[in-house]
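Results of the structural survey
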Amino acid sequence: AGMTYLLPLSSIEAGNQLDLSLGIDLHYSGLQDDVQDDLRRDYISSTGLFIVELDYWQYFNIPLTIGLHYGYQSSKGFGTFLDAGLSYNNLRLSDNKVTTGFFTATMTFDQGTSLGVKIGGGLSLNEHMSVGLHYYALGQPSYDYRITNNINFDLTEGTVKLRVKYSDYLFRSNCLD
């Protein structure tokens, strides 16, 4: 979903128009089921613990685009268009949280950015509405993330000797694996 604002550059001939396009879009995506299953198996095999709850991260790409838009408008109001442009993408990821019976590990992501391109075309329904199909190559965003582990015990009886290691790591990634 998105919006595009067109600034007329020139009328080539009757019905044809070349515009500068400025746009903003929103792309949402969660992890595919097979990737979620693989992550669950990896967590269980690497920790040896039964995982009570897994909250998987979700992707929000917000590309800002600038480019050229060429459109043909018929006398009946319908038309076609082609457009291409450059994009500056803002990637936002929700937290990834793993909870077992006694600890919670949370991976928190900072905003990632990348440069990319957009190409596409479609049908103009009237002067203010169109339907199009676009391809976005949004590049490989660079982002930072932190992992925080919290260990929780609720003991009502007895004595327990416990060594707790709390860790907070900062990582840099250049792409999503």
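Not measured: the values here are computed from a predicted model.

Procedures and definitions
Every chain is numbered on its own, with residues counted from 1 as its sequence reads. In view of the model being predicted, local features appear only for residues whose pLDDT reaches at least 70, and side-chain atom pairs are presented and counted only at 80 or more, with totals across whole chains, interfaces and linings using the full set of residues. In computing side-chain values, all of the structure's heavy atoms are included and hydrogens and water are not. Both cavities and pockets are sets of points on a 1 Å grid over the protein atoms alone; in a cavity a 1.4 Å probe fits but cannot get out, in a pocket the set is open with protein on both sides within 12 Å along at least five of seven lines, and lining residues sit with an atom within 4 Å of a point. Grid points are joined across faces, edges and corners, and a volume is the space filled by probe spheres set on the points. Starting at the N terminus, helices and strands are each numbered in turn, a helix being any DSSP run of H or I of at least four residues and a strand any DSSP run of E of at least two. Throughout this entry, Asp, Glu, Lys and Arg are counted as charged residues, while Ala, Val, Leu, Ile, Met, Phe, Trp, Tyr, Cys and Pro are counted as nonpolar. The remaining residues, Gly among them, count as polar. You can read pLDDT as the predictor saying how much it trusts each residue, on a scale of 0 to 100. Every residue pair with non-hydrogen atoms within 4.5 Å of one another is taken to be in contact. We count a salt bridge whenever a side-chain nitrogen from Lys or Arg sits within 4 Å of a carboxyl oxygen from Asp or Glu. A simple rule labels every residue: compare its accessible area, found with a 1.4 Å probe on the protein chains alone, to the largest value its type can have, and call it buried under 20%, exposed over 50%, or partly exposed in between.

1. Some details on the layout of surface pockets
Of the pockets and cavities examined, the largest pocket occupies roughly 920 Å³. Taken together, 29 residues form the lining of the largest pocket, with Thr4, Leu6, His69, Glu127 and Ser130 sitting closest to its centre. At the level of elements, strand S1 (2–11), strand S2 (16–25), strand S5 (58–73), strand S6 (79–93), strand S9 (112–124) and strand S10 (130–137) are the ones that each hand at least two residues to the lining of the largest pocket. Residue composition of the lining of the largest pocket, by class: ten nonpolar, 14 polar and five charged.

2. Comments concerning the confidence of the model for the protein chain
The pLDDT averaged across the protein chain works out to 81; a share of 81% of its residues lies at or above 70. Low pLDDT, under 50, characterises residues 159–170; the stretch is placed with 19 contacts to residues that sit more than four places away or in other chains.

3. Focus on the pattern of salt bridges
Across all of its chains, the model carries two salt bridges by this definition. Measuring nitrogen to oxygen at the nearest pair gives 2.4 Å for the salt bridge that ties Arg41 to Asp38. Of this pair, Arg41 and Asp38 both sit in helix H1 (residues 33–47), separated by three residues, roughly a single helical turn. Arg41 gets classed as exposed once you look at its relative accessible area, which sits at 51%. Judged by its relative accessible area of 38%, Asp38 falls in the partly exposed class.

4. Some points on the side chain of Ser87
Inspection of the secondary structure assignment puts Ser87 in strand S6. Setting aside residues no more than four positions away along its own chain, Ser87 makes contact with Pro63, Leu64, Thr65, Ser114, Leu115, Gly116, Val117 and Leu138.

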